[in-house]
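# Architecture at a glance
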Amino acid sequence: MSAASCLRSEDQFLCSICLDVFTDPVTTSCGHNFCKNCITEHWNSNVQYLCPMCKEVFKTRPKLKVNTLFSEMVSQFRQEAQQKASSSSSEQQAAKPGEVPCDVCTGTKLKALKSCLVCLTSYCETHLEPHLTVSGLKRHQLMDPVENLEDRMCMKHDKPLELFCKTDQTCVCMLCPVLNHKTHEFVPLKEEYEGKKAELGKTKAEIPQMIQKRRLKIQKIKQSVELSKEAADRETAEGVQVFIALKESVERSLNELIETIEEKQRTTEKQAEDFIKELEQEISELIKRSSEVKQLSRSEDHLHLLQNFPSLKAAPPTKDWTEVSVRPSSYEGTVVRAVAQLEETLSKEMKKLFEAELKRVQQYAVDVTLDPDTAHPHLILSDDGKQVNHSDVKKNLPDNPERFSDCVCVLGKQSFSSGRFYFEVQVKEKTDWDLGVARESINRKGQITARPQDGYWTIVMRNGNEYEACNYPSVILSLKSQLQKVGVFLDYEEGLVSFYDVDAAALIYSFTGYSFTDKLYPYFSPGINHGGKNSAPLIICPVNQTE
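Residues numbered from 1 in each chain as written. Predicted model: local features only at pLDDT ≥ 70, side-chain atom pairs only at ≥ 80, totals over all residues. Heavy atoms only, no water.

### So, the overall build of the chain
- Assigned secondary structure in the chain consists of nine helices and 23 strands.
- Taking 24 Å as the expected radius of gyration for a compact globule of 547 residues, we find that the chain reaches 55 Å, considerably beyond that expectation.
- Taken over 547 residues, the chain has a buried fraction of 33%.
- Here the analysis covers contacts within the chain between residues at least 6 apart in sequence; of these, 57% occur between residues at least 24 apart.
- Accessible surface, the chain as shown: approximately 34,900 Å² in total, 53% of it carbon and sulfur.
- Charged side chains of the chain number 69 positive and 79 negative; the gap between the two group centres comes to 8 Å. (Helix = DSSP H or I, 4+ residues; strand = E, 2+ residues; numbered from the N terminus. Rg over C-alpha atoms; globule rule 2.2 N^0.38 Å. Buried < 20%, exposed > 50% of the residue type's maximum accessible area, 1.4 Å probe, protein only. Contact = heavy atoms within 4.5 Å. Areas by Shrake-Rupley, 256 points an atom, 1.4 Å probe, with all protein chains shown as cover. Lys, Arg positive; Asp, Glu negative; His and termini not counted. Charge placed at Lys NZ, Arg CZ, Asp CG, Glu CD.)

What follows is the structure, given as structure tokens:
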């Protein structure tokens, strides 16, 4: 049999039931050939005995016979097909790891070219040929080779998954809409595939942008770490310098104190030495006179005694030592004065430190303006949003959710959710005020308790000279002078809110160790005007960095 005649008659060697090459072919009485097992199972599962090809009905189960000639032709066809597969297998590549192997190949598994969704089998080039040439197999659905073909079949109906249920977002077979998804919306797999592919295309385009954004974020984080390290090194160097200066100042003050005490002791000892020397000299003179008097008193020479008596009758001239004394040096106040002088030196150094710190935080100055939508109806805001004071006249304003209803407060327009920020407020000529920052989610209706657990980080002034940090519990602030201008500094990531006396370049108070999550807003309350005593406005000032 020639190759051409073999190709032309290939469909004659396929069982019409299994659509594969005959295995143990048998012939019915009507003359049609089938695999022995295929026709037997077909008749076992049906009530009538009929030919699958011509539909002839047999009253009794026919006896199957072997067509010897046809059986030999099938055997020859199989041998030729195997020889052809063997000769072409050397030209085809064996399946590599990760590639889909041919399910039909025995021995070395060749790389599959296509998978059949009807046969649920993957074929190499040789074993795929019947699907390309045999009319019955040409109708089968082929696709690029894939593994686990059974996953592409409906588990309930054993049919290929050809539809997509948009309701359940799952792939289904043609029977599912009829039996299990009656009211659902369906589209062909290809249509859903095109839509999903378009989405993937969009995602594919977005992912590089997302990667680039994250790489930029990594660069920014690394830059922040470098800046932080530079700041840490700078702060360490400045701190070492300051503490060395303080240490030297303390040592110098201690040396001066010791020198003062020792000088006083030396003066006392010198005075005592002089007194003792003078006394010892007088004692020596007196001893000498005593000896002369004793000797003269023993003389029997009348003339000699009378001649010398005038010069020896009285004691030699001496000092009156009655009121003379050596008083111990007084050291009262010496240490106190030394410490006071040291404190003055330390105060000067501390002022330098605070000036440097204030200068640093002033670098984070932001332009803050007042938000009229949050202002209590009794508050008057300037047109530029930089000043606020209290009025006895209540304005008719809408009671929107952002507005304070009972407390005479107002927030800034600007919100802070990361980084560092600083602004300054003039409080001159006022007797009552509140300043700080507040959380976006604070309660703005009814009475307010301004403390951190309620979303407020503030300091206040009451009665013209009483200052307080609204912590829990409250902290009374002892200030050397009345505040004229207050600086407010926020470090969001550090959880820090600090207040500064701008004119004195001194730290007033710091809230530390908080974990901010909400947006924070500048918070102001000019207080009630108290009949004009507190009518001066709070004024948001431009920041002029300290020299």
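### Digging into the environment of Asn443
- As for its position among the elements, Asn443 is in the loop between strand 15 (433–439) and strand 16 (456–462).
- Considered as a pair, Asn443 and Pro401 are 42 residues apart in the sequence and their alpha carbons are 9.5 Å apart.
- When neighbours within four sequence positions are excluded, Asn443 is seen to be in contact with Ile448 and Tyr456.
- A polar atom in the side chain of Asn443 sits 2.9 Å from the backbone oxygen of Lys445. (Polar contact = N/O pair within 3.5 Å; in protein donor to acceptor, adjacent residues only side chain to side chain.)

### Some details on the confidence of the model for the chain
- Per-residue pLDDT for the chain averages 87, and the proportion of residues at 70 or more is 96%.
- Of the regions scoring below 50 in pLDDT, residues 1–8 engages in eight contacts with residues more than four places distant in sequence or in other chains. (pLDDT = per-residue confidence, 0-100.)

### Observations concerning unusual backbone geometry
- Of note, the bond from Tyr472 into Pro473 is cis; its omega dihedral lies within 30 degrees of zero at 0°.
- Here Pro473 is to be found in the loop between strand 17 (466–469) and strand 18 (475–477).
- One non-glycine residue, Asp24, adopts positive backbone phi at about 50°.
- Along the chain, Asp24 falls in the loop between helix 1 (3–8) and strand 1 (25–27).
- With a relative accessible area of 56%, Asp24 lands in the exposed category.

### Topic: the packing of helix 7 (residues 189–297) against helix 9 (residues 334–361)
- Interaxial distance between helix 7 and helix 9 falls to 10 Å at its minimum, and their mutual angle equals 165°. The pairing of helix 7 with helix 9 is recorded here as roughly antiparallel in orientation. Between helix 7 and helix 9 lies a crossing of right-handed hand. Across the interface between the two elements, Glu235, Glu238, Val242, Leu246, Ser249, Val250, Ser253, Glu256, Leu257, Thr260, Ile261 and Lys264 from helix 7 touch Thr334, Val335, Ala338, Gln341, Leu342, Thr345, Leu346, Glu349, Leu353 and Arg360 from helix 9. (Axes fitted to C-alpha atoms, helices over the stretch in contact; angles between N-to-C directions. Parallel < 35°, antiparallel > 145°, perpendicular 65-115°, else oblique. Left-handed = near helix turned anticlockwise from the far one by under 90°.)

### Describing the environment of Asp432
- With respect to the helices and strands, the residue Asp432 is situated in the loop between strand 14 (420–426) and strand 15.
- Along the sequence, Asp432 and Gly464 sit 32 residues apart, while their C-alpha atoms lie 6.4 Å from each other.
- Once you skip the residues sitting within four places of it in the chain, Asp432 turns out to touch Met461, Arg462, Asn463, Pro526, Gly527, His530 and Asn534.
- For Asp432, the side chain forms a polar contact with the side chain of Thr431, separated by 3.1 Å.

### Examining a nonpolar patch on the surface
- Taken together, Leu175, Val178 and Leu179 make up a surface patch of nonpolar side chains, about 260 Å² in accessible area.
- Tracing the backbone shows Val178 in helix 6 (residues 176–179). (Patch = residues over 30% accessible without salt bridge, like charges linked within 9 Å, V, L, I, M, F, W, Y side chains within 5 Å. Salt bridge = Lys/Arg side-chain N within 4 Å of Asp/Glu carboxyl O.)

### Here we look at the sheet that holds strand 9 (residues 170–172)
- With antiparallel pairing, the three strands of this open sheet are ordered in space as 9-8-10. With partners counted over all chains shown, the strands left at the sheet margins are strand 9 and strand 10 (186–188), one partner each. Strand-to-strand twist across the sheet, computed as the mean angle between neighbouring axes with direction ignored, equals 35°.
- Summarising the sheet, strand 8 (residues 163–165) and strand 10 pair through three bridges and their orientation is antiparallel. If you follow Cys165 over to strand 10, its bridge partner there is Phe186.
- Along the sheet face, helix 7 touches strand 8, strand 9 and strand 10 and points at about 85° away from the line of strand 10. (Pairing = 2+ DSSP bridges.)

### Some thoughts on the pairing of strand 15
- Summarising burial for strand 15: six of the seven residues are buried, a large majority.
- Pairing of strand 15 with strand 16, which is carried by six bridges, proceeds in the antiparallel orientation. Across the sheet, Leu435 pairs through a bridge with Ile459, a residue of strand 16.
- Strand direction decides the pairing type here: strand 15 and strand 22 (residues 520–525), joined by six bridges, are antiparallel.

### Let's talk about the pattern of salt bridges
- What the rule picks out here adds up to 18 salt bridges.
- The closest approach of N and O atoms between Arg266 and Glu259, which form a salt bridge, is 2.9 Å.
- Note on Arg266: relative accessible area 39%, which makes it partly exposed.
- You can call Glu259 partly exposed: its relative accessible area is 40%.
- With a closest N to O distance of 3.0 Å, Asp434 and Arg462 form a salt bridge. With Asp434 in strand 15 and Arg462 in strand 16, this pair connects stretches of sequence that are 28 residues apart.
- According to the relative accessible area criterion, Asp434 is buried, its value standing at 10%.
- Within this structure, Lys166, Glu192 and Lys196 form a network of salt bridges that share partners.

### Details of the side chain of Thr374
- Structurally, Thr374 can be placed in the loop between helix 9 and strand 11 (379–381).
- Within polar-contact distance, the side chain of Thr374 engages the backbone nitrogen of Leu411 at 3.0 Å.
- Ignoring any residue separated from it by four or fewer positions in sequence, one finds Thr374 in contact with Glu402, Arg403, Phe404, Cys409, Val410, Leu411 and Arg444.

### Some words on helix 7
- Here helix 7 contains 109 residues, and its C-alpha end-to-end distance of 155 Å stays within 8% of the 162 Å for a straight helix at 1.5 Å per residue.
- For helix 7, the set of buried residues is Glu192, Val242, Leu246, Ser249, Ser253, Leu257, Thr268, Phe275, Glu282, Arg289 and Leu296.
- Along its buried surface, helix 7 packs onto strand 8, strand 10, helix 8 (302–312) and helix 9. (Expected span 1.5 Å × (residues − 1).)

### Points about the sheet that holds strand 21 (residues 506–511)
- An order of 11-12-23-14-19-20-21 is seen for the seven strands of this open sheet, with the pairing classed as antiparallel. The outermost strands of the open sheet, each flanked by one partner alone, are strand 11 and strand 21. If you compare each strand with its neighbour and ignore which way they point, the axes differ by 20° on average.
- By the bridge criterion, two bridges tie strand 12 (residues 387–390) to strand 23 (residues 538–541) in an arrangement that is antiparallel. Paired with Val388 across the strands is Leu538, a residue of strand 23.

### Overview of the nonpolar core
- In this structure, Trp433, Val486 and Phe524 are the most contacted members of the largest nonpolar core, which totals 37 residues.
- Setting aside residues up to four positions removed in sequence, Phe524 forms contacts with Val368, Leu370, Val408, Cys409, Val410, Gly412, Phe423, Val425, Asp434, Leu435, Leu538 and Ile540.
- Cys35, Trp43, Phe77 and Leu137 belong to the second largest nonpolar core, which has 18 residues in total. (Core = buried A, V, L, I, M, F, W, Y, C linked by side-chain atoms within 4.5 Å.)

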